[in-house]
Amino acid sequence: MKTALSIAGSDCSGGAGIQADIKTMTMNGVYAMSAITALTAQNTTGVTGISEVTPEFLALQLDSIFTDIRPDAVKIGMVASSDLIKVIASKLKEYGAENIVVDPVMVATSGSALIKNDAVETMVKELLPISTLVTPNIPESEILSGMVIRTEEEMLAAAKKIGDDYGCAVLLKGGHSINDANDLLYADGEFKWFYGKRINNSNTHGTGCTLSSAIASNLAKGYSVDEAVKKAKEYISGALEAMLDLGKGSGPMKHNFDLTGRFAE
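None of the values given here were measured: they were computed from a predicted structure. (Residues numbered from 1 in each chain as written. Predicted model: local features only at pLDDT ≥ 70, side-chain atom pairs only at ≥ 80, totals over all residues. Heavy atoms only, no water.)

Asks: What exactly am I supposed to notice about the sheet that holds strand β5 (residues 100-102) here?
Replies: Pairing between sheet strands relies on hydrogen bonds along the backbone, with the strands arranged either parallel or antiparallel. Spatial strand order, β3-β2-β1-β4-β5-β6-β7-β8-β9: nine strands in an open sheet with mixed pairing. Across the chains shown, the open sheet's two edge strands, defined by having one partner strand only, are β3 (46-52) and β9 (190-194). Pairing of strand β6 (residues 133-134) with strand β7 (residues 169-173), which is carried by two bridges, proceeds in the parallel orientation. Counted as the bridge partner of L133 is A169 from β7. (Pairing = 2+ DSSP bridges. Helix = DSSP H or I, 4+ residues; strand = E, 2+ residues; numbered from the N terminus.)

Asks: Can you help me understand the pairing of strand β1 (residues 3-11) in this one?
Replies: Looking down a regular strand, the side chains alternate between one sheet face and the other. Here β1 lies mainly inside the structure; nine of its nine residues are buried. Across nine bridges, the pairing between β1 and strand β2 (residues 31-43) is parallel. When the bridges of β2 are listed, A4 appears paired with A32. For the crossover from β1 across helix α1 (residues 17-27) to β2, the handedness is right-handed. (Buried < 20%, exposed > 50% of the residue type's maximum accessible area, 1.4 Å probe, protein only. Right-handed = clockwise from strand over helix to strand, strands pointing away.)

Asks: For this particular structure, what's the right way to read the pairing of β3?
Replies: Relative to β3, β2 is paired through six bridges, and the arrangement is antiparallel. Bridging from a neighbouring strand, T40 pairs with I50 of β3.

Asks: Looking at this structure, I do not really get the pattern of salt bridges. What am I missing?
Replies: Where charged atoms from two side chains of opposite charge approach closely, those side chains can pair. This model, assessed by the stated rule, comprises ten salt bridges. Of the charged contacts, one joins K93 and E126 as a salt bridge, the two residues approaching to 3.8 Å between their closest N and O atoms. One end of the pair, K93, is in helix α3 (residues 82-94); the other, E126, is in helix α4 (residues 117-127), and 33 residues separate them in sequence. When its relative accessible area of 48% is taken as the criterion, K93 is described as partly exposed. Linking K230 and E234 is a salt bridge whose minimum nitrogen-to-oxygen distance equals 3.0 Å. In this pair, K230 and E234 are both assigned in helix α9 (residues 225-241), four residues apart and thus about one turn of the helix distant. For K230, a relative accessible area of 37% gives the class partly exposed. By sharing partners, the salt bridges in this structure join D63, K91 and E94 into a single network. (Salt bridge = Lys/Arg side-chain N within 4 Å of Asp/Glu carboxyl O.)

Asks: Sorry, what's going on with the packing of aromatic side chains here?
Replies: The full count for this structure, using the stated rule, is four aromatic pairs. Taken together, a centroid distance of 5.1 Å and an interplanar angle of 5 degrees make the contact between F66 and Y95 stacked. With F66 in helix α2 (residues 55-66) and Y95 in the loop between α3 and β5, the pair connects residues that are 29 residues apart, well separated along the chain. Classification of F66 by relative accessible area gives buried; the value is 6%. For the pair W193 and Y195, a centre-to-centre distance of 6.4 Å together with 20 degrees between the ring planes defines the contact as stacked. (Phe/Tyr/Trp six-rings, centres within 6.5 Å; stacked < 30°, edge-to-face > 60°.)

Fair warning: the whole summary comes from geometry, so function is off the table for now.
This is the structure in structure tokens:
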């Protein structure tokens, strides 16, 4: 069985972070593991607290994973501090990790900031150059590229700049601010649009975590970046179309929408 590791923060309400990643990886057919970077007190309405692990404890988690059940892919989500990012980059290099997907989580769906300013600089210096794919949304892409993005042409320019600057593939997520969930992949010097359909569902908590975890799962199974993105977008569309409605704010998706086994009855 193929394996995947999520390095991210915990979401106690279950819609994003480690919890969303494990659900997604399981539903996409791989064995899921996790290294927790922080505990968060959050729900569908916002984040009320963040408690980071120490760099030493994060290193111990990563050592435990790589020396026993080696992951075929690694997804990196919320990492709030520079020191933790340095540990992750160092350990991934030490163990020769492959199929690294970075979701540069900077702001929660609710609008709460999730990363310190100096950590962004460390991320682009230490983490992006060793990644296979980075999956920023529009605001994150503006930070990473230093460009304003308001049109599809500006999406093309920003994706190319990020990819060329850091030597990784880029999936720039359009979202509804520019188009109907159309995402742009820039890889190996070529562009490809992935056209999504507008799904009238306001419950989008954890969509970024879910998409990047689904991509990592597909890379673990041996799919190309192109095919991994295609299959991941199909999965997230299904999770949104299931119209789960939980919580008082932007609720979670139904990650297990395709769970039909007898134990789910």
